[in-house]
Amino acid sequence: RSLVVVHFWAPWAPQCAQMNEVMAALAKEHTQVTFVKLEAEAVPEVSEKYGISSVPTFLFFKNSQKVDRLDGAHAPELTKKVQRHASSSSISAGSNDSAKEDLNVRLKKLINAAPCMLFMKGSPKEPRCGFSRQIVEILNKHGISFSSFDIFSDEEVRQGLKTYSNWPTYPQLYVAGELIGGLDIVKELESSGELDTICPKAQKLEDRLKTLINKAPVMLFMKGSKQVAKCGFSKQIIEIMNNTGVDYETFDILEDEEVRQGLKTYSNWPTYPQLYVKGELVGGLDIIKELKESGELLPVLKGEN
C-alpha cells in the first residue's frame, strides 16, 4: 500500500535539477515513500503511455495504480501531495469508508471554491480536449467569471467526481455548488439565453483591481507569497514588512496575468512589488527602504501619514 512517486525529468532542464533536490529532501522526511527518477526521453513508450508532454512531471502510484499527477516545478504542491498521499497510505485497509468520506468533503470544497467552477481537461489557457476548449470559449464569450480545476492533475478527483455528481464525463460546470452539466447543456443554455442569468458575470478589471487593493488596510502585490517570495525585491520588502509588526496581506501577481498587467496601468507604476495602504499606492521597494530609513514607514503603514 506504500506510495511511489515517479519524477519524469530531463538532464537539460534546470527546473528538473531543482525538483530533484526537493525530492531528495522529501525522501529523507518520508522514508516509507519510494521516489524514482525516470529520464522522460529515454523511455518514450512509458512517457507516451502516461501522456508526459513536458518536464518535470510527477506521477503518484499506489498498489500499481496511478492516483495523482503534478505537471511543472511546483515544490509546495509536490510537498502537499506527497504528505497527503503518504498519510492516506498509512491508514489501514479497513478505513475505506472514512477515505471515501474525506474525498467527498474535498470534492464539496472544490465545487464550492468559486461561485462558478469548471472541472475540465487542462486549463482555460491550455485546454487539453476539444470539449473543454469549447466550453471555455462559450464562458469567455459571455464574460462569465469562473475558476477551473484540471482533472488531469488529480486522478482521485477525476474518478471521484463522476460518482459524487453521477455525471460520467468532463467538462462539468457548477454554479453555487450545484451541477449545471457538460458542454451540451451549456450550449443549450446559451441558445435559450439562460446562461447569462445562471452564471456570475466577470467583474470589470478596474472594479476588480479596486476590490483587491482595498482587500486589507495594507496590501502588498508581489511575486510569490509571504511564505515563499519568488524574486529578490519581493523577498527584501517582505523582510522589511515583517520587522514592522504591522498586519498585511499579499497578492501573488504570478498567479494572475490580468492583474499583473492591469495594475501597472491602473497605478501608473511599471514594476513589482507594489505596496498599498488604505487603497492608496505607497510605492515599491526603493520607496519603502527610504521610508524605513527616515523613520516614516510605521506611521505610513498605520495610515497616519
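- You'll find the chain entered in an unreviewed UniProt entry as Glutaredoxin-3, with Piaya cayana given as the organism.
- Recorded under Subcellular location (unreviewed entry), the UniProt text for the chain is reproduced unchanged: "Cytoplasm, Cytosol".

Digging into the overall build of the chain
Logical step 1: Looking only at helices and strands, one finds 13 helices and 12 strands in the chain.
Logical step 2: Each principal axis of the C-alpha atoms in the chain carries an extent, and together these give about 60 × 55 × 40 Å.
Logical step 3: In the chain, which comprises 305 residues, the share counted as buried stands at 41%.
Logical step 4: The long-range fraction of contacts in the chain, counting pairs at least 24 apart against all pairs at least 6 apart in sequence, stands at 64%.
Logical step 5: Surface accessibility of the chain: about 16,600 Å² in total, with carbon and sulfur atoms responsible for 51%.
Logical step 6: Computed over 37 positive and 40 negative side-chain charges, the separation of the two mean positions in the chain equals 2 Å.

Observations regarding the nonpolar core
Logical step 1: In this structure, V218, L220, L275, V282, I288 and L301 are the most contacted members of the largest nonpolar core, which totals 18 residues.
Logical step 2: Residue assignment for this core shows that the elements contributing at least two residues are β9 (218-222), α10 (232-244), β11 (274-277), α12 (285-294) and α13 (297-301).
Logical step 3: Per element, the largest residue contribution to this core is four residues, and it comes from α10.
Logical step 4: Among residues more than four places away in sequence, those in contact with V282 are L275, Y276, V277, I287, I288, L291 and V300.

Describing the pattern of salt bridges
Logical step 1: The tally for this structure, following the rule as stated, stands at 15 salt bridges.
Logical step 2: Between R106 and E156 there is a salt bridge, with the nearest N and O atoms lying 3.2 Å from each other. Placement of R106 in helix α4 (residues 96-111) and of E156 in helix α6 (residues 155-165) is noted, with a sequence separation of 50 residues between them.
Logical step 3: Residues joined by salt bridges that share partners form a network here, namely D68, K81, R84, R106, D154 and E156.

Quick notes on the packing of α10 against α12
Logical step 1: Where α10 meets α12, the closest approach of the two axes is 10 Å, and the angle between their N-to-C directions is 30°. With respect to α12, the element α10 is oriented roughly parallel. Note on packing geometry: the crossing formed by α10 with α12 is left-handed. Seen from α10, the contacting residues are F233, Q236, I237 and I240; seen from α12, they are L285, I288, K289 and K292.
Logical step 2: Taken together, the residues that form the contact of α10 with α12 break down as five nonpolar, one polar and two charged.

What to know about the domain arrangement of the chain
Logical step 1: For the chain, the assigned domains are domain 1 (3-87), domain 2 (99-198) and domain 3 (206-302).
Logical step 2: Relative placement of domain 1 and domain 3: their C-alpha centres are 34 Å apart.

Description of the packing of aromatic side chains
Logical step 1: Under the defined criterion, the tally for this structure stands at five aromatic pairs.
Logical step 2: Both rings, one in F119 and one in F149, keep their centres 5.7 Å apart while their planes meet at 40°; by these two values the pair is tilted. Remark: F149 occurs in strand β6 (residues 147-150) and F119 occurs in strand β5 (residues 116-120); sequence separation between them is 30 residues.
Logical step 3: Ring-pair connections join several aromatic residues into one group, and the members of that group are F119, F149 and Y174.
Logical step 4: In this structure, K37 is placed above the aromatic ring of W9, and the distance from its NZ or CZ to the ring centre is 5.3 Å.
Logical step 5: The ring of Y248 carries K226 above its face, with NZ or CZ at 4.3 Å from the centroid.

Comments concerning unusual backbone geometry
Logical step 1: Between Y170 and the following residue, P171, the backbone shows a cis peptide bond with an omega angle of 5°.
Logical step 2: With respect to the helices and strands, the residue P171 is situated in the loop between α6 and β7 (172-175).
Logical step 3: That bond from Y272 to P273 is cis: its omega, 5°, falls within 30 degrees of zero.
Logical step 4: Its place among the elements puts P273 in the loop between α11 (257-267) and β11.
Logical step 5: Although it is not a glycine, N268 sits at a positive phi angle of roughly 55°.
Logical step 6: As for its position among the elements, N268 is in the loop between α11 and β11.
Logical step 7: Residue class for N268 comes out exposed when judged on its relative accessible area of 69%.

Definitions and cut-offs
Residues numbered from 1 in each chain as written. Predicted model: local features only at pLDDT ≥ 70, side-chain atom pairs only at ≥ 80, totals over all residues. Heavy atoms only, no water. UniProt positions renumbered as here; feature names shortened; annotations may be inferred. Helix = DSSP H or I, 4+ residues; strand = E, 2+ residues; numbered from the N terminus. Buried < 20%, exposed > 50% of the residue type's maximum accessible area, 1.4 Å probe, protein only. Contact = heavy atoms within 4.5 Å. Areas by Shrake-Rupley, 256 points an atom, 1.4 Å probe, with all protein chains shown as cover. Lys, Arg positive; Asp, Glu negative; His and termini not counted. Charge placed at Lys NZ, Arg CZ, Asp CG, Glu CD. Core = buried A, V, L, I, M, F, W, Y, C linked by side-chain atoms within 4.5 Å. Salt bridge = Lys/Arg side-chain N within 4 Å of Asp/Glu carboxyl O. Axes fitted to C-alpha atoms, helices over the stretch in contact; angles between N-to-C directions. Parallel < 35°, antiparallel > 145°, perpendicular 65-115°, else oblique. Left-handed = near helix turned anticlockwise from the far one by under 90°. Nonpolar A, V, L, I, M, F, W, Y, C, P; charged D, E, K, R; others polar. Domains from an automatic or database assignment. Phe/Tyr/Trp six-rings, centres within 6.5 Å; stacked < 30°, edge-to-face > 60°. Lys NZ or Arg CZ within 6 Å of the ring centre and 35° of its normal.

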